[in-house]
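A structural walkthrough
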Amino acid sequence: MNASQKCGAASRNRKLAVRVSALSMGINALLAACKLGFGLYARSEALISDAANSATDVFFTLIVMGGVLLSSRESDRDHTYGHERLESVASILLAVILFAVGAGIGYRGIAKALTQSAEEIPGAAALVVSAVSAAVKAVMFAYTKSAAKQTGSSALLADAYNHRSDVLASLGGFSGILAARLGVPVMDPLAAAVICLFILRAAVSVFWDAMNKLVDKSCDPATVQKMKEIALATP
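So, a few notes on the structure that sits alongside this text. (Residues numbered from 1 in each chain as written. Predicted model: local features only at pLDDT ≥ 70, side-chain atom pairs only at ≥ 80, totals over all residues. Heavy atoms only, no water.)

What to know about the overall build of the protein
Here is the rule we go by: Counting from the N terminus, the helices are DSSP H or I runs at least four residues long and the strands are E runs at least two residues long. Here's how the labels work: a residue is buried when its accessible area is under 20% of the maximum for its type, exposed when over 50%, partly exposed in between, all with a 1.4 Å probe on protein chains only. The contact definition used throughout considers only heavy atoms, calling two residues in contact when any of these lie within 4.5 Å.
Counting secondary structure elements, the protein contains seven helices and zero strands. Along the protein, from the amino end to the carboxyl end, the secondary structure elements read α-α-α-α-α-α-α. In the protein, buried positions account for 41% of the 235 residues. For the protein, the proportion of contacts with a sequence separation of at least 24, taken over those separated by at least 6, is 78%.

Some words on the side chain of His163
What counts is decided by this rule: N or O atoms closer than or at 3.5 Å make up a polar contact, with two conditions inside protein: a donor-capable atom paired with an acceptor-capable one, and, for residues adjacent in sequence, both atoms drawn from side chains.
With respect to the helices and strands, the residue His163 is situated in helix 5 (residues 154–181). There is a polar contact of 3.1 Å between the side chain of His163 and the side chain of Lys137. Not counting the four nearest positions on each side in its chain, His163 is found in contact with Ser24, Asn28, Lys137, Met140, Phe141 and Thr144.

A short note on helix 6 (residues 187–214)
Basically, it comes down to this: Here the expected length of a helix is defined as 1.5 Å per residue gap, with one fewer gap than residues.
For helix 6, with 28 residues, the first-to-last C-alpha span of 41 Å sits near the 40 Å given by 1.5 Å per residue. Positive phi shows up at Asp216, right after helix 6, with a value of about 55 degrees.

Section: the nonpolar core
Note the cut-off: Nonpolar cores are built from buried Ala, Val, Leu, Ile, Met, Phe, Trp, Tyr and Cys residues. Side-chain atoms within 4.5 Å join them into one set.
Core analysis: the biggest nonpolar cluster contains 12 residues, these being Phe60, Leu94, Leu98, Val101, Ile105, Ala169, Ile195, Cys196, Ile199, Leu200, Ala202 and Ala203. Taken together, the elements giving at least two residues each to this core come down to helix 3 (86–115) and helix 6. Counting residues per element, this core draws most heavily on helix 6, which supplies six residues. Aside from chain neighbours lying at most four places away, what touches Ile195 is Ala46, Asp50, Ala169 and Gly173. Judged by nonpolar contacts, the second largest core, of eight residues, contains Leu47, Ala126, Val129 and Ala191.

Some thoughts on the pattern of salt bridges
Stated formally: Should a side-chain nitrogen of Lys or Arg be within 4 Å of a carboxyl oxygen of Asp or Glu, the pair is scored as a salt bridge.
The tally for this structure, following the rule as stated, stands at two salt bridges. Where Lys35 meets Asp50, a salt bridge forms, and the shortest distance between an N and an O atom there is 3.3 Å. Taken together, the residues Lys35 in helix 1 (residues 3–42) and Asp50 in helix 2 (residues 45–71) connect sequence positions 15 residues apart. The same class applies to Lys35 and to Asp50, which are both buried. In this structure, Lys137 and Asp166 form a salt bridge, with 3.1 Å as the shortest nitrogen-oxygen distance. Here Lys137 is found in helix 4 (residues 124–151), whereas its partner Asp166 is found in helix 5, with 29 residues between them in sequence. Each member of the pair, Lys137 as well as Asp166, carries the same accessibility label: buried.

Describing the packing of aromatic side chains
For any two aromatic rings, the description comes down to two numbers: the centre-to-centre distance and the angle of the planes. Note the following rule: Pairing of aromatic rings covers Phe, Tyr and Trp, the last counted by its six-membered ring, and requires centre-to-centre distances within 6.5 Å; plane angles under 30 degrees mean stacked, over 60 mean edge-to-face, and any other angle means tilted.
Taken as a whole and assessed by the stated rule, the structure comprises two aromatic pairs. Ring geometry for Phe141 and Tyr161: centres 6.0 Å apart, planes at 50 degrees, overall tilted. With a gap of 20 residues between them, Phe141 in helix 4 and Tyr161 in helix 5 connect regions that are remote in the sequence. With a centroid separation of 5.7 Å and 80 degrees between ring planes, the pair formed by Phe207 and Trp208 is classed as edge-to-face.

Okay, here's the thing in structure tokens:
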């Protein structure tokens, strides 16, 4: 592949990454609005917490887009090796934001569980919205992960795994709302606390992946051995 072809491929990958990120941001904004509205209407702490999670994802995706655009810039006098590591910097910012939001959601959920009354039972609409959210996020995870592999974007891959954690969070919220409607109202705010665990796990995963790239962590022994075998098999 010559320089012109490489430049064309990089441009196509950048456009795909930005298109996927823009779609992700739009869907997250719509989900956040729906979850907040129905969460307030149905009196569901789990759904309101999930709305906060989706709202954070909008900012998450904005940082992803910024990282993709900045990292694709060509090398210059001050950055002779290019700007690719700016994507890792963007991923670290994402991880910090995710961790802060997760901790806040967990604190709110536990505090609400300690003061929950038997009359505070969430409405059926909260169940439907949680189920739809989980389904939409599952589709977005598959789509974004495929695009991340195609473009080689670490920030886009981080966004994909954030979608996956959102699927689990929505399913956790669904379970809590269902249990609350079946006669255990404290499960709704406890589900909000459980959602925070998925968010914190995603934050730590994104952070370590970005840090490993920034400090040039070596490949695992199996990958190194395979590289040696391929090299030695080539005349």
